[in-house]
Amino acid sequence: MNRESYLDELKQALQGYPEELTGDLLESFASHFAEGNAMGLTDQQIIDELGSIDEVVSSVSEMGEKNPEDRNEATSLKDIIIKTIRESVVHRYGDSAYRVRTEKGQQSEDTIAIPEGYRGVLVDSSKVALDLTVEASDQLSYSFTAYKNLISGYQPELSVSFNENVIIFKIEKQSERMAGSCELDLRIPQAIRDLFVNTASGDTSVRDLRLEEFVCHCAAGDTDITDCDIDKLTVRAVSGDVRLENVESRNFDISSVSGDVSLSGCTGAVTVNSVSGDVEVEDHIGSLLASEAVSGDINVAGSLEEVRIKAINGDSEIVLENDPVNVDIKASNGDICLEVTDFTRCRMEISANHGDVSLPEEVSFRKSGRTYIAGEGSGIITIKSGNGDITIR
């Protein structure tokens, strides 16, 4: 049996359960297959770890009845099942999935002299699970630990090379078979201005750096960036959370497929997109925040001149501590709540096709069709909702 047939049979076996629950379970299982394949596991090895279709359905049945009437109960049941299934796969592996039956292998550390003109570092672990930590130091140095896979006997290997003003840390398999996992602690000086990271899975943590550009691509794993000043910052995550705290950047460009994105105490123009995760921005200062989410909530608080929000299925809550220049919020299915310190300096146009509109009593609105219009200020606030309530306060 391969991945496609396993997921097809699971989908058939889960007929009769809530659609939301079934969809999230299938998505969770598909993510496990993607992570396992990236680690070198075959479909059958992953299936052996997940269990048979009957075992999965039995686990679901033991946790609750089909089609519970209460929506909150269904959501709670969904969360419990996903958490339980994930723990059943990773309970022996630590924090990262598919790091199965390993032992500490190769360890190395070194200090590297930076050739003249070299200003970039690339960490490439596109086929091996890597936990990466990068922080500031007076010189370029690293510590590397490989974990041998006890099934295959292989472990990852690290090589360092130099090419076109970039120092490359490349982690590769010894074989196409399962290769274990590894850890890399990298310390970089101010002479390094650009950092590029490409990982298959594993967590990435970056602290106390001053860079002109940072680009991070991670297929499965969390990304944490703390206390950094980065002129241009780009993060692409598939199935992991992205967390930024106290980061300054001229341009944040962040996207995640199935993980949450959070920014706290950051400064700069932000573009953040998520397919099936929440977006949380707090204490932010910047000229622009543009965010899109397909099936997650968007929560924003801070001082922002321009806000552009597009939500397909999820709620949006925006709290602005300044007088905005331009606010544009659109939601297909979800509630919208906007809080602004002073409405008198804004022109507002608010419309909801299906849903209630709650407006502040101190502001005089006139109505044109489904649209509420108020104010003549220089700031512009436009809110449109397809199915959901709108609250302005």
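Given the structure is predicted, the values throughout are model-derived calculations rather than measurements.

### Some words on the overall build of the protein chain
Within the protein chain, the secondary structure is distributed over 5 helices and 24 strands. Out of the 393 residues belonging to the protein chain, those deemed buried represent 46%. Accessible area for the protein chain stands at about 18300 Å²; split by element, carbon and sulfur atoms hold 42% of it.

### Some points on unusual backbone geometry
Its identity is not glycine, yet Glu-164 carries a phi of approximately 50°, on the positive side. Looking at Glu-164, the relative accessible area reads 68%, which means it is exposed. Despite not being glycine, Asn-165 shows a phi value in the positive range, around 65°. Here Asn-165 is to be found in the loop between strand 4 (157-163) and strand 5 (166-172).

### Thoughts on the pattern of salt bridges
Across all of its chains, the model carries 16 salt bridges by this definition. For Arg-243, the salt bridge identified is with Asp-222, shortest N-O distance 3.4 Å. Taken together, the residues Arg-243 in strand 11 (residues 242-256) and Asp-222 in the loop between strand 9 (210-220) and strand 10 (223-237) connect sequence positions 21 residues apart. Judged by relative accessible area, Asp-222 falls into the partly exposed class, the value being 22%. One salt bridge in this structure joins Arg-250 and Asp-231, with 3.2 Å as the shortest N-O distance. Of the two residues, Arg-250 is situated in strand 11 and Asp-231 in strand 10; the sequence distance between them amounts to 19 residues. Overlapping salt bridges, with partners in common, bring together Arg-119, Arg-193, Asp-194 and Glu-212 in one network.

### Quick word on the environment of Ile-312
With respect to the element layout, Ile-312 can be found in strand 15 (residues 298-313). For Ile-312, a relative accessible area of 28% gives the class partly exposed. Sequence-distant contacts of Ile-312, that is, excluding residues within four places in its chain, are made with Ala-293, Val-294, Ser-332 and Asn-333.

### Quick word on the environment of Glu-164
Take Glu-164: it is sitting in the loop between strand 4 and strand 5. Considering only alpha carbons, one finds Glu-164 and Gly-117, 47 residues apart in sequence, at a separation of 9.2 Å.

### Quick word on the pairing of strand 7 (residues 194-201)
Counting buried positions along strand 7 gives 6 out of 8 residues, so the element sits mostly inside the fold. Pairing of strand 2 (residues 120-136) with strand 7, which is carried by 7 bridges, proceeds in the parallel orientation. The partner of Asp-124 across the bridge, within strand 7, is Asn-198. Here 7 bridges tie strand 7 to strand 9, and the two strands are oriented parallel to one another. Along strand 9, the bridge assignment pairs Ser-201 with Ala-220.

### Quick look at the packing of aromatic side chains
Scanning all chains against the criterion turns up 2 aromatic pairs. An angle of 80° between the planes, with centres 5.9 Å apart, marks the rings of Tyr-118 and Phe-162 as edge-to-face. Here Tyr-118, found in the loop between strand 1 (102-112) and strand 2, pairs with Phe-162, found in strand 4; they are 44 residues apart in sequence, far enough to count as distant. By relative accessible area, Phe-162 is classed as partly exposed at 40%. Considering the side-chain rings of Tyr-142 and Phe-169, the 5.6 Å spacing of their centres and the 75° angle between planes classify their relative orientation as edge-to-face. Here Phe-169 lies in strand 5 and Tyr-142 lies in strand 3 (residues 140-149), a separation of 27 residues in the sequence. The two residues Tyr-142 and Phe-169 agree in class, both being buried.

### Thoughts on the nonpolar core
The biggest cluster of nonpolar side chains holds 74 residues, and the ones touching the most others in it are Phe-169, Phe-214, Ile-225, Leu-233, Leu-244 and Ile-254. Not counting chain neighbours up to four residues away, the residues in contact with Leu-244 comprise Ile-225, Leu-233, Phe-252, Ile-254, Ser-262, Leu-263, Ser-264 and Cys-266.

### Here we look at the side chain of Asp-194
With respect to the secondary-structure elements, Asp-194 resides in strand 7. Here Glu-213 takes part through its backbone nitrogen, which lies 3.4 Å from a polar atom of the side chain of Asp-194.

### Points about the confidence of the model for the protein chain
When pLDDT is averaged across the protein chain, the result is 83; 84% of the residues are at 70 or more. Confidence scores differ between elements of the protein chain, with helix 5 (residues 71-90) showing the lowest mean pLDDT of 44 and strand 8 (residues 204-207) the highest of 97. Note that pLDDT drops below 50 for residues 62-82; the model gives that stretch 26 contacts with residues more than four away or on any other chain. The model gives residues 84-101 a pLDDT under 50, and that stretch makes 37 contacts with residues more than four places away or in other chains.

### Observations regarding helix 1 (residues 3-13)
Turning to helix 1, its buried residues number three or more, namely Tyr-6, Leu-7 and Leu-10. Each buried residue of helix 1 lies within a common arc of 95° when the element is viewed along its axis, so the set occupies one face. You can read the cap of helix 1 off the contacts: a side-chain oxygen lies 3.3 Å from the backbone nitrogen of Glu-4, and it is on Asn-2.

### Some details on the state of the cysteines
Under the criterion given, the structure shown has 0 disulfides. Take Cys-228: it sits in no disulfide, and the sulfur closest to it among the cysteines is that of Cys-266, at 9.8 Å. Relative accessible area serves as the criterion here: at 3%, Cys-228 is assigned to the buried category.

### Examining the pairing of strand 6 (residues 181-188)
Two elements, strand 2 and strand 6, share 8 bridges in a ladder whose sense is parallel. Bridge pairing in strand 6 links Leu-132 to Leu-184. Alignment of strand 3 against strand 6, held across 7 bridges, turns out to be antiparallel. The residue of strand 6 that forms the bridge with Ser-141 is Arg-187.

Calculation notes
Per chain, the residues get numbers from 1 upward, laid out in the order the sequence is written. Selection of residues for local features in this predicted model requires a pLDDT of at least 70, selection of side-chain atom pairs for listing and counting requires 80 or more, and totals for whole chains, interfaces and linings are taken over all residues. Side-chain measures were taken over the full set of non-hydrogen atoms in the model, leaving aside hydrogen atoms and water. Think of it this way: any DSSP run of H or I at least four residues long counts as a helix, any run of E at least two long counts as a strand, and we number them from the N terminus. In this scheme, a residue with accessible area under 20% of its type's maximum is buried, one over 50% is exposed, and one in between is partly exposed, where area comes from a 1.4 Å probe on protein chains only. Surface accessibility follows the Shrake-Rupley procedure with a 1.4 Å probe radius. Residue values consider only the protein chains on display as shielding. Counted as salt bridges are all cases of a side-chain nitrogen of Lys or Arg within 4 Å of a carboxyl oxygen of Asp or Glu. Residues are treated as being in contact if the distance between any of their heavy atoms lies within 4.5 Å. Strand pairing is defined by DSSP finding a minimum of two bridges between the two strands. Here is the rule: rings of Phe, Tyr and Trp (six-membered ring for Trp) pair when centre to centre is within 6.5 Å. Planes less than 30 degrees apart are stacked, more than 60 are edge-to-face, and the remainder are tilted. Within this scheme, the nonpolar core is defined by two criteria: the residues are buried Ala, Val, Leu, Ile, Met, Phe, Trp, Tyr or Cys, and they are joined through side-chain atoms within 4.5 Å. Any pair of N or O atoms that falls within 3.5 Å is considered a polar contact. Within protein, one atom must be able to donate a hydrogen and the other to accept it, and sequence-neighbouring residues count only if both atoms are side-chain atoms. A residue's pLDDT is simply how confident the predictor is in it, with values from 0 to 100. To obtain the arc, one takes the directions from the helix axis to the C-beta atoms. Pairs of cysteine sulfur atoms within 2.5 Å are identified as disulfides in what follows.

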